Amino acid sequence: FFLFFCQAVFMGEQGTISVFFSEYNNIPKKLRIIDLFLLWSFFTGVIQFVYVCLVGTFPFNSFLSGFISCVGTFVLFASLRLQLNPGNSFRVSEERAFADFIFCNFVFHLAVFNFMG
Amino acid sequence: SVVAGGDDVGDLSAISVGQARNTLVLVESEGVLESHSKFLEMIRGNAAKYGGEVDVRVAWDGGAKEIVLSKWGRWVYDSLVLLAPEAERLGGQSLSAAVADFVEAGHSAVLVGSESMSDETRKAAANCGVQFSDASRVADPFHTAAFDSEVIEASNFLSGAGAKGVLSARATARPVLWRGVGAHVAPSNPLAFSALRGSATAFCPTAKGALSKKKTNLVKFTGTDLSLVSLVQARNNARVAVTGSMAMLSDELFAKEDVSSNKIFAEDVTSWVLGYKSLLRSHGLAHRLTESGETQDVYRIKDGLSVSMRVEEWSAAQQRWLPHKPAASGPIQVELTMLDPHLRTNFKTDKEGTFVADVTAPDVYGVFKFVVDYKSRGYSFIHLEEQVPIRPFRHDEYERFITAAYPYYASILSTMAAFFIFGFAILYTK
């Protein structure tokens, strides 16, 4: 069964990975931009985590606020992507989604900047 | 007058201690005036040099009734030398009660016993922590004086760090000739110590001349546990010397200067007891911030603090208080305590004798106190306390821009910049 699974995912034109790569460029441009920023905040978070594992948690509140800023913006970008995705059933207007996004980010960054210390 | 350290009251009375001391010398009978004339002359000579009057009285019919130690609530005499082992009453009270009151008021006393001493003298010595043995003369077959088989030569002097304050080098150069009743100072007593102990072969013989079989006698009154001259410094810095030998102070043994140091030893011990040397006073335990020099009510954790204190030693020769040099008595320490000492450091001497110590307030907040508790053997006790509250950081006193946190600052700023750029990106793409 395991061999069958690997074959289905990786090999051939109909494998999951190749379908994914070929279909990716077909999704709307806005969503691809959001995906870019999602990757950006993810890798920033990973870098910080590795740093704290190496150096230790001395200014713990600074570490927390830095890490949370990455995680939080990832969540906010992801939720914006969800709301803008045309395939989803719950839809609000694009302007409303974007305005929510701006407001939430404003509050979020305010909190993070104060907690940084 | 009480020699205590620290507050202003102690300051004023400490001045009077160093000045004229009125000494009462109570002798047994007029015969003692002649047999101990050199000792009395030494006391009178010191009093003439260092100020004070000496009043020599003869105790007759076991009484000394007309002597008054305190009149209208003020003490008439500052120190007491009792050369009357058989006296029972003094100044209208029993001798032990009179001596106890006298010492508790901070005055010094010299108690001398003998083989026929009264119970009151024993009790007075026991009140000071020195227990006399039963009335038998101390015998030391290996250290007997050549001219008299009853006199022993004692050379087991107080030694070590505590000796310099009490005995000079000349006093310990030759043995002391001694004849009388031995005593015992409990080793657990922090205030009493022995200036002259018996040698390892000293003992208190029974009536038949043998070593006593009683356990108390073996444990307390044999060998080096036997104390021939005991000294006590009470917590109020009153000094008491107790010895069981009238003969040690007699002219006969003073005269033998070539083989003994009786005269010098007696002079050293009497000077120590009467407050002519090793007398300290301390005042002015002050604290301030090291950088600004400002004294505050409340300090903050991790502040640099400076503690300072003045300690002075009385110089009888110059009749004034000189700055104390701790080389002889050991370094003085200051502690910063809250239930337990958090810091403990030695004082350093400034010029002009001020003691200064620089400490950093610990990382713990609370109500602390600076405590100086100086107990050096032979010198006055110093105990000063000063309460110092220490508060934690205010919200704006924490560290900012910590170097180790730069990556976090960078990530937060970059995330905010990314959000800003994203706004433009998403609004202006089709």
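Located above this text is the structure these notes cover.
These lines cover the structure that appears in this document, whether it is placed above or below. (Residues numbered from 1 in each chain as written. Chains lettered and ligands numbered in written order. Predicted model: local features only at pLDDT ≥ 70, side-chain atom pairs only at ≥ 80, totals over all residues. Heavy atoms only, no water.)

**Some words on the overall build of chain B**
Helix and strand counts for chain B stand at 10 helices and 26 strands. Rg of the C-alpha trace for chain B: 30 Å, well past the compact-globule value of 22 Å for 430 residues, more than 25% over. Counting every position in chain B, which comprises 430 residues, the buried fraction comes to 51%. Of the roughly 20100 Å² of accessible surface on chain B, 53% is carried by carbon and sulfur atoms. In chain B, 44 positive and 49 negative side-chain charges are present, and the distance between their average locations comes to 4 Å. (Helix = DSSP H or I, 4+ residues; strand = E, 2+ residues; numbered from the N terminus. Rg over C-alpha atoms; globule rule 2.2 N^0.38 Å. Buried < 20%, exposed > 50% of the residue type's maximum accessible area, 1.4 Å probe, protein only. Areas by Shrake-Rupley, 256 points an atom, 1.4 Å probe, with all protein chains shown as cover. Lys, Arg positive; Asp, Glu negative; His and termini not counted. Charge placed at Lys NZ, Arg CZ, Asp CG, Glu CD.)

**A short note on the packing of aromatic side chains**
Here a ring pair, both rings aromatic, is described through the centre-centre distance and the interplanar angle of the planes. Counted according to the given criterion, the structure contains 26 aromatic pairs over all chains. Aromatic side chains A:Phe49 and A:Phe67 sit 5.8 Å apart centroid to centroid with 40 degrees between the ring planes, which places their arrangement in the tilted category. Taken together, the residues A:Phe49 in helix α3 (residues 29–55) and A:Phe67 in helix α4 (residues 60–84) connect sequence positions 18 residues apart. Aromatic pair A:Phe101 and B:Phe422: ring centres 5.4 Å apart, planes at 75 degrees, arrangement edge-to-face. (Phe/Tyr/Trp six-rings, centres within 6.5 Å; stacked < 30°, edge-to-face > 60°.)

**A few points about the side chain of B:Ser245**
Residues and elements named next belong to chain B. Here serine 245 is to be found in the loop between β16 (239–243) and α7 (251–254). On the basis of relative accessibility, which here comes to 0%, the residue serine 245 falls in the buried class. A distance of 2.9 Å separates a polar side-chain atom of serine 245 from the backbone oxygen of arginine 179. Polar side-chain contacts of serine 245 include one of 3.3 Å to the backbone nitrogen of alanine 247. With residues near it in sequence (within four places) discarded, serine 245 still touches Val112, Gly113, Trp178, Arg179 and Gly180. (Polar contact = N/O pair within 3.5 Å; in protein donor to acceptor, adjacent residues only side chain to side chain. Contact = heavy atoms within 4.5 Å.)

**Description of the interface of chain A and chain B**
Interfaces are often described in size by the accessible area the parts lose on coming together. Tallying the contact residues gives 31 residues for chain A and 22 residues for chain B. Between chain A and chain B, roughly 2300 Å² of surface is buried when both sides are summed, and carbon and sulfur atoms account for 81% of that area. On the chain A side of the interface with chain B, the three residues burying the most area are A:Tyr51, A:Phe98 and A:His109, jointly 21% of the side's total. Linking chain A to chain B there are 0 salt bridges. On the surface where chain A and chain B come into contact, there are 1 residue pair in polar contact (both at pLDDT 80 or more). Only α3, α4 and α5 (94–116) of chain A provide two or more residues apiece to the side of chain A that touches chain B. By residue number, the principal contributor to the side of chain A that touches chain B is α4(A), which donates 10 residues. (Buried area = accessible area lost by both parts, 1.4 Å probe. Salt bridge = Lys/Arg side-chain N within 4 Å of Asp/Glu carboxyl O.)

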